[in-house]
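Listed here are the chains, written in short residue letters.
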Amino acid sequence: MLVYTPEQVNDIFEKFSLQSIMVIGDVMIDAYLWGKVTRISPEAPVPIVAVNRRTNRLGGAANVALNLKAIGARTYLCSVVGKDDRSVIFKKLMQENNLCPDGIMQSEKRITTTKFRVIGNNAQMLRVDEEIDTPLDDEENHRFFDLIQNIIRSVRINAVIIQDYDKGVISPLLINQILQLADEKMIPVVVDPKKRNFSFYRNVTLIKPNLKELTEGLGISLDVFSLDKVRQAVRLLHKKMHVPLVLATLSEEGIFVSRQLTDGTFTDHHLPAHLRSIADVSGAGDTVISLACLALTAGLSDVEIAAISNLAGGQVCESVGVVPVDRTKLMMEMLSRKL
């Protein structure tokens, strides 16, 4: 159990603000239609949402960048969008949020991924996705990696986050190129994986699967939740992937952190979820990977990495829609809660 003093919390966040993090992955626009439901459609047994507001937010890897920026870290976002009307909206959102656009590549072969969510009476009722999820072709991949390489070689980067939403930007070839470059520059790589590329994330510094990604990625089943089964799965991941640090998010069961030591033994900790009023889990994984990366680069312990990212991920679930973490609120919760 962790109990922080105000001085300790201030010191942690000062360390966070000194970090420069590169985020590579699939970006998207989270588009919302907000309204009220007062009746059922006479055409089909579905609710009618009377729209009174429309909003666009940065999503996917861009939300990871927003979380890092909200905490105070310097952020470099690298991704691929289309050359379409929605790319204009995406660039405008980046500008409004003071995110550097230098790592964003445009492609005439793709569209800008957009998730349309219909919110009625403050609850999500429908989501419609507009995307191309085929991998980048060789020419695009070469151009994109050159962009990443130029940034890494021109500025100080403390860690790289690969935020894989399985929309085609992250490929086995790109993963291999990033890992080679990071190894050359001695930069830790932190990954939020999806099933398609799961087995290619060998030898990364930290991997953060949720329970579904953990079991699918390893090709195992976990019909009934138990901590022992999670521990067995995580240790299998350590051995197959040669990843020293695993952070498995378990939804309402909290978070599990495990490290394989150089002598082949393991240390692990399970932290339960905090009691909260959950409104929407969208974007929680983005927040967890952001805080886990910052805690890792700040030199915090494995338990602290898990505790702070677990707290932050729960915090954003109290808001409807994808939102970044609130720095001040997180600091206050670190002081008021036993982690």
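The paragraphs below set out a description of the structure included in this document. (Residues numbered from 1 in each chain as written. Predicted model: local features only at pLDDT ≥ 70, side-chain atom pairs only at ≥ 80, totals over all residues. Heavy atoms only, no water.)

**Some words on the sheet that holds strand S7 (residues 123-130)**
Phase 1: Strand order in the open sheet formed by 4 strands is S3-S2-S6-S7, with mixed pairing between adjacent strands. Lying at the two open borders of the sheet, with one neighbouring strand each, are strand S3 (47-60) and S7. Taking each pair of neighbouring strands and ignoring which way they run, the sheet shows an average axis angle of 20°.
Phase 2: Of the pairings in the sheet, the one linking strand S6 (residues 114-120) to S7 comprises 7 bridges and is antiparallel in character. Bridging from a neighbouring strand, Phe 116 pairs with Val 128 of S7. (Pairing = 2+ DSSP bridges. Helix = DSSP H or I, 4+ residues; strand = E, 2+ residues; numbered from the N terminus. Axes fitted to C-alpha atoms, helices over the stretch in contact; angles between N-to-C directions.)

**Some details on the nonpolar core**
Phase 1: Within the largest apolar cluster, 61 residues are counted, with the highest numbers of intra-cluster contacts made by Phe 13, Phe 16, Leu 77, Phe 90, Leu 330 and Met 334.
Phase 2: In terms of residue count, helix H8 (residues 284-297) provides more of this core than any other element does, 9 residues in total.
Phase 3: What Phe 16 contacts, discounting residues up to four positions off in sequence, is Ile 71, Ala 73, Leu 291, Leu 294, Ala 295, Ala 298 and Leu 300.
Phase 4: Counting 42 residues, the second-largest nonpolar core is a separate cluster that includes Ile 24, Phe 145, Ile 187 and Val 230. (Core = buried A, V, L, I, M, F, W, Y, C linked by side-chain atoms within 4.5 Å. Buried < 20%, exposed > 50% of the residue type's maximum accessible area, 1.4 Å probe, protein only. Contact = heavy atoms within 4.5 Å.)

**Some words on the pairing of strand S13 (residues 266-271)**
Taken residue by residue, a regular strand's side chains alternate between the two faces of the sheet.
Phase 1: When strand S12 (residues 255-260) meets S13, the two strands line up antiparallel, connected through 6 bridges. By the bridge assignment for S13, Val 257 is matched with His 269.

**Details of a nonpolar patch on the surface**
Phase 1: A cluster of nonpolar side chains, Met 125, Leu 126 and Val 128, forms an exposed patch at the surface whose accessible area comes to about 250 Å².
Phase 2: The topology assignment puts Val 128 in strand S7. (Patch = residues over 30% accessible without salt bridge, like charges linked within 9 Å, V, L, I, M, F, W, Y side chains within 5 Å. Areas by Shrake-Rupley, 256 points an atom, 1.4 Å probe, with all protein chains shown as cover. Salt bridge = Lys/Arg side-chain N within 4 Å of Asp/Glu carboxyl O.)

**Things to note about the packing of helix H1 (residues 6-17) against helix H10 (residues 327-336)**
Phase 1: Running from amino to carboxyl end, H1 crosses H10 at an angle of 140°, the nearest separation of the two axes being 10 Å. In this view, H1 runs oblique relative to H10, as classed from their interaxial angle. The chirality of how H1 crosses H10 is right-handed. Residues Pro 6, Val 9, Asn 10, Ile 12 and Phe 13 of H1 touch H10, and the partners they reach there are Arg 327, Leu 330, Met 331, Met 334 and Leu 335.
Phase 2: Partitioning the contact of H1 with H10 into residue classes produces 8 nonpolar, 1 polar and 1 charged. (Parallel < 35°, antiparallel > 145°, perpendicular 65-115°, else oblique. Left-handed = near helix turned anticlockwise from the far one by under 90°. Nonpolar A, V, L, I, M, F, W, Y, C, P; charged D, E, K, R; others polar.)

**Here we look at the environment of Leu 300**
Phase 1: Within the fold, Leu 300 resides in the loop between H8 and helix H9 (302-316).
Phase 2: For Leu 300, a relative accessible area of 13% gives the class buried.
Phase 3: Residues Leu 300 and Ile 111, spaced 189 residues apart in sequence, show a C-alpha to C-alpha distance of 39 Å.
Phase 4: Excluding residues within four positions of it along the chain, Leu 300 makes contact with Ile 12, Phe 16, Ala 295, Ile 305 and Ile 308.

**Some words on the sheet that holds strand S8 (residues 159-163)**
Phase 1: Spatially, S5-S4-S1-S8-S9-S10-S11-S12-S13 is the arrangement adopted by the 9 strands of the open sheet, whose pairing is mixed. Strands with a single pairing partner mark the edges of an open sheet, and in this sheet they are strand S5 (104-107) and S13.
Phase 2: Two elements, strand S11 (residues 245-249) and S12, share 5 bridges in a ladder whose sense is antiparallel. In the strand pairing of S12, Val 246 is matched with Ser 258.
Phase 3: This element, helix H4 (residues 138-152), spans strand S1 (20-25), strand S4 (74-82), S5 and S8 of the sheet and lies at about 165° to S5.

**Here we look at the packing of aromatic side chains**
Phase 1: Following the criterion strictly, the structure yields 2 aromatic pairs and no others.
Phase 2: Seen in terms of ring centroids, Phe 13 and Phe 16 are 5.2 Å apart; in terms of plane orientation they differ by 65°. Their pairing is edge-to-face. Linking Phe 13 with Phe 16, this pair stays in helix H1, spanning 3 residues, or about one helical turn.
Phase 3: The ring of Trp 34 is capped by Arg 53, whose NZ or CZ atom sits 4.5 Å from the centre of that ring. (Phe/Tyr/Trp six-rings, centres within 6.5 Å; stacked < 30°, edge-to-face > 60°. Lys NZ or Arg CZ within 6 Å of the ring centre and 35° of its normal.)

**With respect to unusual backbone geometry**
Phase 1: Of note, Asn 98 is a non-glycine position whose phi angle comes to about 55°, a positive value.
Phase 2: Examined against the element boundaries, Asn 98 turns out to sit in the loop between helix H3 (85-96) and S5.
Phase 3: Unusually for a residue other than glycine, Asn 203 sits at a positive phi of about 70°.
Phase 4: Owing to a relative accessible area of 55%, Asn 203 belongs among the exposed residues under this scheme.

**Remarks on the pairing of S5**
Phase 1: Pairing between S4 and S5: 4 bridges, direction parallel. The residue bridging Gly 82 from the neighbouring strand is Ser 107, located in S5.
Phase 2: You can see the chain leave S4, run along H3 and come back into S5, and the turn it takes is right-handed. (Right-handed = clockwise from strand over helix to strand, strands pointing away.)

**Thoughts on H9**
Phase 1: Here H9 is 15 residues long and its end C-alpha atoms lie 22 Å apart, about the 21 Å a rise of 1.5 Å per residue gives.
Phase 2: Counting buried positions over the 15 residues of H9 gives 14, a clear majority of the element. (Expected span 1.5 Å × (residues − 1).)

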